[in-house]
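Examining the three-dimensional arrangement
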Amino acid sequence: MTGTARRRLPALRRPALRLRPTLRLRLTLLNGVLLVGAGAILVLLAWLLVRDALRPTDELLPGTTVVLADGSTLEAAAWQQRLVDAASGELLAKGLAALLAIGIVGVVGAYAVAGRALRPLHQVTATARRLGETTLDQRIGYSGADDEVAELADTFDAMLDRIAAAFEAQRRFVANASHELRTPLAVMRTEIDVTLSDDEADTAEYRRMATVVRDASERANGLVDALLVLARSEAQAGQRLGRRSEFDLAAGTVNALSAVRREVERIKLAVQTSLKPAPVVGDPGLLDRLAGNLIENAVRYNHLHGRLWVHTGSDGQRSWLVVGNTGFEVDPADVPGLFEPFRRGGRERTGARGSGLGLSIVRAVCDAHCGTVTAVAQPGGGLEVTVSLPAAGAAIR
């Protein structure tokens, strides 16, 4: 291939230029067509009116003549026809010239006005092209008239706020999950390294090390299980559940209370229950985890000789589960944050028992089952959580 051919090859690959049917161009053409069409109709009406109005000889007798300025005579009908033709021709010529000028001015003006009106849309496009994980703080900040364009710009900014919040929550979640997983792994490695480096370690020392490693591995395994349940619950939010069968929240609560019976006895909690049937339809595994997390949290964050109360019931439309407990004081302002991952009693990763995913899983399960969950800080300390789900008879199948 010659050098000339090589230089021409990129030009051959370049796509042919074409006029894009942009919104600005379409608005301009529409305005031009309407303006020229309206002008053409007005010129046509004026032409017809002139032709109809310039007929003064229709009232004269046939054969009547008129004397022109140059002294010549001409029949009135012929003179009238000459007058009508001249006026019509002049009207058409000047009208078309005016129509052309108006059309050009109208098209140019419409192009400029459309460009100005659509400028925020270009800002939306430019902002969207610049957006990335590190530039989610950029906004359009439209300050023009309160019209549809302003509404679009505000909606776009609000969407960016939500996306930025979601990215921030995701980053925080990944960081917290990494920290939570790293802690038991670090404990296991430290215990193993220390024990192996001790030449005088005996069987008792190895048994102690094995106990610590087992506890740390159980903590890591519990965290992984909780993350899997959370991911599974969030994946089914707003979608049809993979498994759907009838489940009684009261029965799930009984099982959860049985699982924590030893811990309840150890810290001598006073348990009050009112377990009426609360049938719902959904994923039994997720619903069982919902009741278990609420009961476990109520016990874990309680204090010695505290109280635990659990109520279930249904009114035919909604079924509910209420779990309350005494414990340390919770600031009402911290209550919404309790449903965020890795938050314990309004505190992030304090080293307390548990992974901090309990209420996050509860909220995700409720979302997956079209339900709601609310929490109220109790005077003197503690929390009361209320879960409300569609009853089995009213659930959408």
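Residues numbered from 1 in each chain as written. Predicted model: local features only at pLDDT ≥ 70, side-chain atom pairs only at ≥ 80, totals over all residues. Heavy atoms only, no water.

1. A closer look at the overall build of the protein
Heads up, the condition is: A run of DSSP states H or I qualifies as a helix once it reaches four residues; a run of E qualifies as a strand once it reaches two. Both are numbered from the N-terminal end. Each residue gets one of three labels from its accessible area relative to the maximum for its type: buried under 20%, exposed over 50%, partly exposed in between, using a 1.4 Å probe on protein chains only. The contact definition used throughout considers only heavy atoms, calling two residues in contact when any of these lie within 4.5 Å.
When helices and strands are counted, the protein shows 10 helices and 11 strands. Across the 397 residues of the protein, 34% fall into the buried class. For the protein, long-range pairs separated by at least 24 residues make up 69% of all intrachain contacts whose partners lie at least 6 apart in sequence.

2. Quick word on a negative patch on the surface
As a reminder of what qualifies: Surface patches are defined over residues having more than 30% relative accessible area and no salt bridge, joining like charges when they lie within 9 Å and nonpolar side chains (Val, Leu, Ile, Met, Phe, Trp, Tyr) when within 5 Å. Accessible areas in this description were obtained via Shrake-Rupley with a 1.4 Å probe; residue shielding takes into account the shown protein chains only. Definition used for salt bridges: Asp or Glu carboxyl oxygen within 4 Å of a side-chain nitrogen of Lys or Arg. For the charge count, each Lys or Arg is scored as positive and each Asp or Glu as negative, with His and the chain ends excluded. Every charge is mapped onto a representative atom, which is NZ of Lys, CZ of Arg, CG of Asp or CD of Glu.
Side chains of D146, E148, E151 and D154 sit close together on the surface and give a patch of like negative charge. Accessibility expressed as a relative area gives 44% for D154, which makes it partly exposed.

3. Observations regarding the side chain of S319
Note the following rule: For the purposes of these results, a polar contact is taken to be a pair of N or O atoms within 3.5 Å, where, inside protein, one atom must be able to donate a hydrogen and its partner to accept one; residues adjacent in sequence count only when each atom of the pair is a side-chain atom.
Looking at the element boundaries, S319 is found in strand β7 (residues 318-325). Within the local environment of S319, its side chain forms a polar contact with the side chain of S314, the two groups lying 3.2 Å apart. Leave out the neighbours within four places in its chain, and S319 touches L249, A278, P279, V280, G313, S314, V387, S388, L389, P390 and A391.

4. Some words on the environment of D215
Topologically, D215 is positioned in helix α6 (residues 203-235). Taking C-alpha positions, D215 is 8.5 Å from P184, a pair spaced 31 residues apart along the chain.

5. Digging into the environment of L49
Positionally, L49 belongs in helix α2 (residues 23-53). In this structure, the C-alpha to C-alpha distance between L49 and S88, residues 39 residues apart in sequence, is 9.7 Å.

6. Points about the confidence of the model for the protein
The following threshold applies: Confidence scores labelled pLDDT are given residue by residue by the predictor and lie between 0 and 100.
Across the protein, pLDDT averages 78, with 78% of residues at or above 70. Note on residues 1-17: pLDDT is under 50 here. Beyond four places in sequence and across chains, it has 1 contact. Note on residues 346-352: pLDDT under 50 across the span, and 16 contacts to partners over four residues away in sequence or across chains.

7. Topic: unusual backbone geometry
Positioned with a positive phi, K268 is a non-glycine residue whose angle comes to about 55 degrees. Within the secondary structure, K268 sits in the loop between α8 (261-266) and β4 (270-275). Positioned with a positive phi, C370 is a non-glycine residue whose angle comes to about 60 degrees.

8. Digging into the pattern of salt bridges
Tallied over the entire structure, the rule returns 7 salt bridges. The salt bridge partner of R208 is E191, with a shortest N-O separation of 2.8 Å. On the criterion of sequence distance, the pair formed by R208 in helix α6 and E191 in helix α5 (residues 148-197) is long-range, its members being 17 residues apart. A salt bridge links R289 to E296; its shortest N-O distance comes to 2.8 Å.

9. Some details on the packing of helix α7 (residues 249-259) against helix α9 (residues 284-300)
For clarity, the threshold we go by: Lines fitted to C-alpha atoms define the axes, with helix axes restricted to the stretch in contact, and inter-axis angles between N-to-C directions lie between 0 and 180 degrees. For classification purposes, angles smaller than 35 degrees are called roughly parallel, those larger than 145 roughly antiparallel, those between 65 and 115 roughly perpendicular, and all remaining angles oblique. Crossing handedness is defined as follows: a turn of the near helix away from the far one that is anticlockwise and smaller than a right angle gives a left-handed crossing, while the clockwise case is right-handed. Nonpolar residues are Ala, Val, Leu, Ile, Met, Phe, Trp, Tyr, Cys and Pro. Charged residues are Asp, Glu, Lys and Arg, and all others, Gly as well, are polar.
Viewed as axis vectors pointing N to C, α7 and α9 meet at an angle of 45 degrees, and their least axial separation amounts to 8 Å. For the element pair α7 / α9, the angle class is oblique. The handedness of the crossing between α7 and α9 comes out as right-handed. On α9, the residues that touch G252, T253, N255, A256 and L257 of α7 are D288, A291, G292 and I295. For the contact of α7 with α9, a count of residues per class yields 4 nonpolar, 4 polar and 1 charged.

10. Re the nonpolar core
Put simply, the rule reads: Put simply, a nonpolar core is a bunch of buried Ala, Val, Leu, Ile, Met, Phe, Trp, Tyr and Cys residues held in one set by side-chain atoms that sit within 4.5 Å of each other.
One finds L290, L294, L321, V323, L359, V362 and V387 to be the most contacted residues of the largest nonpolar core, which totals 39 residues. A total of 8 residues in this core trace back to one element, the largest contributor, which is α9. Among residues more than four places away in sequence, those in contact with V387 are L290, L294, S319, W320, L321, V362, C366, T372 and V373. Counting residues in hydrophobic clusters, the runner-up holds 5 residues, among them I140, A153, F156 and L160.

11. Focus: the packing of aromatic side chains
Test applied: Each pair of aromatic rings taken from Phe, Tyr and Trp, with Trp reduced to its six-membered ring, is defined by centres within 6.5 Å and is described as stacked if the planes are under 30 degrees apart, edge-to-face if over 60, and tilted in the remaining cases. Definition used: whenever NZ (Lys) or CZ (Arg) falls within 6 Å of the ring centre and also within 35 degrees of the ring normal, the charge is taken to sit over that ring.
If you walk through the whole model with that rule in mind, you get 1 aromatic pair. Between R24 and the ring centre of Y111, over which it is positioned, the NZ or CZ distance is 3.7 Å.

12. A few points about the sheet that holds β4
To keep things clear, this is the line we draw: At least two bridges found by DSSP between two strands are what make those strands a pair.
As summarised here, the arrangement of the 5 strands in space is β4-β6-β7-β11-β10, forming an open sheet in which the pairing is mixed. Each edge of the sheet is formed by a strand with only one pairing partner; in this case those strands are β4 and β10 (372-377). Across the sheet, the mean angle separating the axes of adjacent strands is 10 degrees when strand polarity is ignored. Both β7 and strand β11 (residues 383-390) contribute to a ladder of 8 bridges, which runs antiparallel. Within β11, the position partnered with S319 by the bridge is L389. Packing of α9 onto the sheet brings it into contact with β6 (307-314), β7 and β11, and relative to β7 it is tilted by some 20 degrees.

13. With respect to helix α10 (residues 358-368)
With 9 of 11 residues buried, α10 is to be regarded as a mostly interior element. Where α10 is concerned, the buried positions are G358, L359, S360, I361, V362, A364, V365, C366 and A368.

14. So, helix α3 (residues 76-117)
Put simply, the test is: Here the expected length of a helix is defined as 1.5 Å per residue gap, with one fewer gap than residues.
With 42 residues, α3 should cover 62 Å at 1.5 Å per step; its first-to-last C-alpha distance of 58 Å lies within 8% of that length. Within the sequence span of α3, burial applies to A76, Q80, V84, S88, G95, L99, G103, G106, A110, A114 and G115.

15. Focus on the pairing of β6
The pairing of β4 with β6 spans 6 bridges and is classified as parallel. Directly across from V271, in β6, lies its bridge partner L308. Direction of pairing for β6 relative to β7: antiparallel, over a ladder of 7 bridges. Along β7, the bridge assignment pairs T312 with L321. The hairpin formed by β6 and β7 contains 3 residues between the paired strands, and G316 there has a positive phi angle of roughly 95 degrees.

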